[in-house]
Amino acid sequence: VTAANVTTVGITFDDKTAVISNVLVGGPAFNSKKIFKGDRIVSIDGDSDVAGQIIPKLKGIDIAGSIVTLGLLRASNGQVEEIKLRRMANIQIADKRRLFELFT
């Protein structure tokens, strides 16, 4: 077992502000059609103490298919909404991530 994450929800974010900077095409967040660039993560699995701990909290049990609930402060309307995502194996999205990195 390595220290690297086995799973992903397919987002990138600013570590300091918790604002989502990208939603990876083909990932759980993208497929949900409910998570958008500019939304801010305010809780993970009901825990609002996310400062500096987003990656470990998103990783959670790190099992593909497990559920994580994100509390998001919407950039569009200032409302907080909870979204459930099913973690995906990193390997399933790795090719799409490499393709994205080539074009950005």
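As a reminder, the structure under discussion sits directly above these lines.
Keep in mind the model is a prediction, meaning the values are calculated, not measured.

Enquirer: Help me understand the sheet that holds strand E4 (residues 40-44), please; the structure alone is not making it clear to me.
Expert: The strands making up a sheet are joined through hydrogen bonds of the backbone, oriented either antiparallel or parallel. One open sheet accounts for 3 strands, arranged E4-E5-E6; its pairing is antiparallel. Each having just a single partner strand, E4 and strand E6 (80-86) make up the two edges of the open sheet. Shown here is a sheet whose adjacent strand axes are inclined to one another by a mean of 35°, direction ignored. Pairing of E4 with strand E5 (residues 67-73), which is carried by 4 bridges, proceeds in the antiparallel orientation. In the sheet register, isoleucine 44 faces E5, and the bridge partner there is leucine 70.

Enquirer: Just to check I follow, could you spell out the environment of isoleucine 41 for this structure?
Expert: With respect to the helices and strands, the residue isoleucine 41 is situated in strand E4. In contact with isoleucine 41, not counting residues within four places along its chain, are Ile11, Phe13, Ala18, Ile20, Val50, Ile54, Gly71 and Leu72.

Enquirer: Would you take a moment to explain the pairing of E6 for this structure?
Expert: Side-chain direction in a regular strand flips from residue to residue, so the side chains alternate between the two faces of the sheet. In the sheet, E5 pairs with E6 via 7 bridges, with the strands oriented antiparallel. Across the sheet, the residue bridging to valine 68 is leucine 85, located in E6.

The rules behind these values
- Residues numbered from 1 in each chain as written.
- Predicted model: local features only at pLDDT ≥ 70, side-chain atom pairs only at ≥ 80, totals over all residues.
- Heavy atoms only, no water.
- Pairing = 2+ DSSP bridges.
- Helix = DSSP H or I, 4+ residues; strand = E, 2+ residues; numbered from the N terminus.
- Axes fitted to C-alpha atoms, helices over the stretch in contact; angles between N-to-C directions.
- Contact = heavy atoms within 4.5 Å.

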